[in-house]
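# Chains, contacts and geometry: an overview
Listed below, chain by chain, are the residues.
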Amino acid sequence: MQRVFEAEQALLAIKRGEALPTPMEPSSPRDSKGGISFDAPSSPTNDSGAGACFAPSSAHFEVESVHEGDVQGLTFTENGKQLWTGGADKYIKCWDATTGKNITRIPSVAAALSLHSCGDMLVAGCSDSTIRVWEISKLRGKCQLTGHGEKVVSVTLSSDARHVFSTSTDRTVKRWDVAREQLTNTIMCLSGCNDVVSVNDKVATGHHDGMVRLYDSRDCKEAGKVRMHDKPITSLRFSQDGQLFATLSKDNTIKVCDVRTLNPLYELTHPNLSVGSNIQRLALSPDGKYCSTGSTS
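The structure displayed is predicted, hence computed values, not measured ones.

### Structural notes on the overall build of the protein chain
Scanning the protein chain from terminus to terminus reveals 1 helix and 26 strands. Per-residue burial for the protein chain yields a buried fraction of 52% across its 297 residues. Taking the contacts inside the protein chain whose residues are at least 6 apart along the sequence as the reference set, 43% of them involve residues at least 24 apart. Summed over its atoms, the accessible surface of the protein chain is roughly 13,800 Å², and 47% of this surface lies on carbon and sulfur atoms.

Right, here's the structure in full:
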C-alpha cells in the first residue's frame, strides 16, 4: 500500500507552532507485485493538509508483468520521460513514462537491487556484489565495478555523474571513479547500512542503529551524524536543494531533519504504516512537498 504525506505543509505548521492533524486512511489500495503503476495526483484527505496522508485518486495507467518476479529497483531519468526498472528476472527495462510502453531491455548477469540515473548514466547495484554502469543514450555498458564482498543494496551517482557511491551488506560504503573505473574510498561501517544518497557535495547513509551519517563527497570524510530513530533506517532522501533529508524506519515513522543543524524537525506517521523490509524505500517529490512510501499493511 502506498502512503503519501504532505511534508512541506507539515513543516509550515511546525514553524507556526501548530499541531499536526492525524493522517487519514488512503483509499483503494492495490497490490501490484511484478507490475508498476503511474499515478495521477489527488488532494489530501485532510482539509488543512498539514501532515495529511492520501493516495492518488486514480492511476494514469498500469503496466502488468513488468518483470517475471518482483520489481526490485526503479528510477526516472532526469527529464521524467523514461522509467528504468530492475527485476528478479535479471533484466533492466526502460519504459515510456507517458504511454507505459516498453522501450528496451538490457540483460544483467545478476538481479539489480538498486537503480539510479543522472544525466546520461544509469547505475545498478546487483545481487552478485557488482555495480554496473550504462550510457543511456547509447544503450551500452560503460563499466563494471567490483570490490564489495556481498550484495549491493543501494547505489547513487554524484551530481556531476563522475562518481558512484554504493553500500552493501558487507558493511561498507564505497566511492568509485566512473571514468577511471576505480575504487577511490572505502568507509567501514560499525552498523549495517541500508541506503546511501548524495546531493551536491554531501553524501548521507542510513544505518541499522538508527543513525544517519554525513560525509563530504569529495574526500569521504565524516561531516556529522545524528540519531534519527531507535530502530533501523531503511531509506533516506535529500531534498533537491540539499537543505533537508527525510528518513524511513522500522519504527514505522518518517522523520525530517535540517542538514545544517542536524536537528530533527518533525515526524510523520500513520496507524497503518508498516515498514517490514530493510530495503523499503522512501521517495520525495521534486518540489519537496510530498513524500511517499509503501507499506506492508
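### Describing the pattern of salt bridges
All chains considered together, the criterion is met by 10 salt bridges. Where Arg140 meets Glu135, a salt bridge forms, and the shortest distance between an N and an O atom there is 3.1 Å. Judged by relative accessible area, Glu135 falls into the buried class, the value being 13%. For Asp201, the salt bridge goes to Lys202, with nearest N and O atoms at 3.9 Å. Accessibility expressed as a relative area gives 31% for Asp201, which makes it partly exposed.

### Looking at the pairing of strand E12 (residues 140-146)
Bridge count for strand E11 (residues 130-135) against E12 is 6 bridges, and the pairing is antiparallel. Within E12, the position partnered with Ile131 by the bridge is Leu145. Here E11 hands over to E12 after 4 residues, with Leu139 in that stretch at a positive phi of 50°.

### So, the confidence of the model for the protein chain
Per-residue pLDDT for the protein chain has a mean of 83; in total, 79% of the residues score no lower than 70. Here helix H1 (residues 7-15) stands out as the element of the protein chain with the lowest mean pLDDT, 49, in contrast to strand E15 (residues 172-177), whose mean of 98 is the highest. Within the model, the stretch residues 11-16 combines pLDDT values under 50 with 8 contacts to residues more than four positions away or in other chains. Ignoring residues within four places in sequence, the model shows residues 43-50, a span with pLDDT below 50, making 20 contacts including any to other chains.

### Details of the environment of Glu64
With respect to the secondary-structure elements, Glu64 resides in the loop between strand E4 (58-63) and strand E5 (71-76). Judged by relative accessible area, which is 56%, Glu64 ranks as exposed. Distance in space between the C-alpha atoms of Glu64 and Gly100 is 10.0 Å, their sequence separation being 36 residues.

### Let's talk about unusual backbone geometry
Although it is not a glycine, Arg171 sits at a positive phi angle of roughly 65°. Checked against the element boundaries, Arg171 lands in the loop between strand E14 (163-168) and E15. A relative accessible area of 43% means that Arg171 is categorised as partly exposed. The phi angle at Glu181 is positive, at roughly 55°, despite the residue not being glycine. With respect to the helices, strands and loops of the structure, Glu181 is situated in the loop between E15 and strand E16 (182-188). Taking the relative accessible area as the measure of exposure, Glu181 reaches 44% and is therefore partly exposed.

Basis of the calculations
- Just so you know, the residues in each chain are numbered from 1, in the order the chain's sequence is written.
- Two thresholds apply to this predicted model, a pLDDT of at least 70 for residue-level local features and 80 or more for giving and counting side-chain atom pairs, whereas whole-chain, interface and lining totals are computed over all residues.
- Side-chain calculation: all heavy atoms of the structure are included, whereas hydrogens and water are not.
- Numbering of helices and strands runs from the N terminus; a helix is a DSSP stretch of H or I covering at least four residues, while a strand is a stretch of E covering at least two.
- A 1.4 Å probe rolled over the protein chains alone gives each residue an accessible area, and that area as a share of the maximum for its type sets the label: buried under 20%, exposed over 50%, partly exposed in between.
- Contacts between residues were defined by any pair of non-hydrogen atoms, one from each residue, lying within 4.5 Å.
- Computed with the Shrake-Rupley method and a 1.4 Å probe, the accessible areas treat only the protein chains shown as cover for residues.
- A carboxyl oxygen of Asp or Glu within 4 Å of a side-chain nitrogen of Lys or Arg is what we treat as a salt bridge.
- Think of it this way: DSSP has to see at least two bridges between two strands before they count as a pair.
- The predictor attaches a confidence to each residue, called pLDDT, with possible values from 0 through 100.

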